[in-house]
Every structure is written in C-alpha cells, then in structure tokens.
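This is what each chain is made of:
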Amino acid sequence: MTVAFLKTHKTAGTTVQNILFRFAERHNLTVALPHPSCEHQFCYPRNFSAHFVHPATRPPHVLASHLRFDRAELARLMPPGTVYVTILREPATMFESLFSYYNQYCPAFRRVPNASLEAFLRAPEAYYRAGEHFAMFAHNTLAYDLGGDNERSPRDDAAYLAGLIRQVEEVFSLVMIAEYFDESLVLLRRLLAWDLDDVLYAKLNARAASSRLAAIPAALARAARAWNALDAGLYDHFNATFWRRVARAGRACVEREARELREARERLLRRCFGDEPVLRPAAQIRTKQLQPWQPSRKVDIMGYDLPSGGAGPATEACLKLAMPEVQYSNYLLRKQKRRGGVRARPEPVLDNPPPRPIRALPRGPQGH
C-alpha cells in the first residue's frame, strides 16, 4: 500500500504512473502531488525536496510524479516500509525519444541543423553545453533522474558507475525494463501482492508513428549508447538482473502470467473503447479530459477516446484508464483537497521558486 515510483523520462513511466494513481484511488490512498509552483513535476530538474509536495497530499502512501531522486528527502516524506521501484529503457531508443520529444526545449537539440539526430550524434560536443537549462535531456538522462552525475564517464571512471549501481540496488526493490513491460508488471504485481486486474493499463503518452523513427540504424544506436555510456552501463546491468529475477520466479510462469495480462488488457480496452480500440491524435479526441498534452508542433502524442453515450461507474473507470498525467494529477489534487477539508485559497509561495518546468511552457498551434 506504500509505493514510491521514480518516474524516469521517456521510459513508459506515464503508463506505470496511471496504474499507481488508479490503485491509490480505488483504495482511498493519498498520492503525493507537486506544489503548484512545481506544476506537474516535483520541481524537476532540481533535486527532490519534501517541500515540493503539496500539503494537502501529505503524508502520502503513493508517489509517482517526475522528480530527481534524493534518498534522504524521500525518506523524510514516505513512511517506513515504502517499496521503491523504477523503470529503465534501452538508451538508444530512449535517446531518440528524448531528442524528438524535447527538441523545442533542450538548447543542445535546438542547435542541431534540421533537427537531425544523426547530426547530433556525429558530434554531440558541438551542440551540448553541460549545466545549461534542460541539458540533462541530452546526456545520460537516466543517471541524472536517479540522482547521479550525468557528466561522469564509465570509460574514465568505472568505479563511479559501479557505485551508482550499488546505490540503486540498495534502495529499489524492483527495476523494471520498458522493453519487457508486461513481464515487468508481473514482477511488480508479485512484489506488491496485487491482483492481475490492478496492473491492467492503456498505453499513455505514446508518439504517433510519424513522430518517431521506425527503427534506429545500428550505427546510430552505437553512437547513442557511446554518448550516453553511463545510461548504457546502468541499463545493461539492470537488464541482466531483471532476467535473473524472472528466472528465479520461473520464466514459464512469468511468461504465462504476462500472456494472461495481455489478454485481460485487450478485453478491457475493447470494453472501454470499442471493438477496435485505436490510439488517436489529440485533435480527434472529443473528450477533453483525455486529450494529451502536445510538446510541440513537430510531435503528435496519441490517446484514446470514449465512445459517445457512455455514463456510470464503468465509464468513469475507463476515463481514468486513459486519462493523461496532467488531467489526472489535477483531478487527484482537487479530490484530496476536498477529502482533507482544504478549500480554495492562495497557495504558499516557495522561497527561491524553481524555473517553470516544461509543462508550463506556452503551447503553440498543434500540427496534426
């Protein structure tokens, strides 16, 4: 009942977050949510502080919004016995996603002619400036999210990578792998002693096919891994430990349960979104609560829509299943304020407020 999920960037973390939000709501658990000055992330990219948590959402049972990991601060916030989990993604495909999604926000990416990933990876030092705003999206983002120094290189300092791995292993009971998402959810369900229905999901925050590379050429993948060598080292280690954990649980059992999860998920999606549930561009989604935030005119983020004419508890559950992060966070905050007897009033102002995160930047016209 007490779970802290370190939501890393571009790793299917929004889908995991939605699973945790729905579980918390079903069981009337308190979800830690960011202070209004932080928008929908815990003042990322600053190191996490318990002061970034909205007072109406403390003390929490569940935490699942973006933050930069700080072990001591999270220990101050979360109750003893909290289970810590996170998720990693293969660094080359993750970097392609970061480059596409944050192209209009990360200065290193904006400098690249024609928004060419190949041009960036051919000479990343020509575009990258350590320490500038949102630089962490252009170099070893996983390491940064985990609280590490993303400027360190395992080629120059292998001991640093080994130490970072030890720190992660000391805190996190499970490191999931995005490429094996269903198998990861099986392990998560077993770790938390949840039911299979508790980890059913709809894919959230997914880019349209036109906004991503269908496949990353091998040479480009090698260059991405070389530039993000710290992330590559983390991923390779925890991918190996993931499969050792699957083996201990019984690979055939895990695969059977993952298959059952996929079958149950397909039934749920058909029940919620029609016989042929499809991801749609935001412009085609009539239900405002289900329209995903669009990072730029060059990237289309897809979502689901509810069939017309639905109402009642089943429709409400389907709405939550596909609700994007921003809308669900706002909804939970309003609900938890009401539950705690907190009425609308001026929010306290943080000392030294952080720069406004990406979600607060103005939206341009949408390209669909």
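Everything quoted here is computed from the prediction, not taken from an experiment.

## Focus: the environment of Glu125
- Along the polypeptide, Glu125 turns up in the loop between helix H5 (117-122) and helix H6 (141-145).
- It is 39 Å that separates the C-alpha atoms of Glu125 and Val62, two residues lying 63 residues apart in sequence.

## Here we look at the environment of Ala178
- Summarising the element assignment, Ala178 is placed in the loop between strand E5 (174-177) and helix H8 (181-192).
- Through-space distance from the C-alpha of Ala178 to that of Gly13 is 8.5 Å; in sequence the pair is 165 residues apart.
- Non-local contacts of Ala178, meaning those with residues more than four positions away in its chain, are made with Thr11, Ile87, Leu88 and Arg89.

## Digging into helix H3 (residues 91-101)
- Taking burial as the measure, the 11 residues of H3 include 10 buried ones, the bulk of the element.
- What H3 keeps buried is the set Pro91, Ala92, Met94, Phe95, Glu96, Ser97, Leu98, Phe99, Ser100 and Tyr101.
- Of the surrounding secondary structure, the elements contacted by the buried residues of H3 are helix H4 (107-110), H5, H6, helix H9 (218-227) and helix H10 (229-249).
- One side-chain oxygen at the N-terminal end of H3 lies 3.0 Å from the backbone nitrogen of Ala92; it belongs to Glu90.

## A look at the pattern of salt bridges
- Inspection of the entire model under this criterion finds 19 salt bridges.
- Among the salt bridges present, the one from Glu257 reaches Arg190, with a minimum N-O distance of 3.2 Å. Placement of Glu257 in helix H11 (residues 251-273) and of Arg190 in helix H8 is noted, with a sequence separation of 67 residues between them.
- Ionic contacts of the salt-bridge type, sharing partners, join the residues Glu25, Glu316, Lys320 and Lys335 into one network.

Reading the values: rules and limits
- Residues numbered from 1 in each chain as written.
- Predicted model: local features only at pLDDT ≥ 70, side-chain atom pairs only at ≥ 80, totals over all residues.
- Heavy atoms only, no water.
- Helix = DSSP H or I, 4+ residues; strand = E, 2+ residues; numbered from the N terminus.
- Contact = heavy atoms within 4.5 Å.
- Buried < 20%, exposed > 50% of the residue type's maximum accessible area, 1.4 Å probe, protein only.
- Polar contact = N/O pair within 3.5 Å; in protein donor to acceptor, adjacent residues only side chain to side chain.
- Salt bridge = Lys/Arg side-chain N within 4 Å of Asp/Glu carboxyl O.

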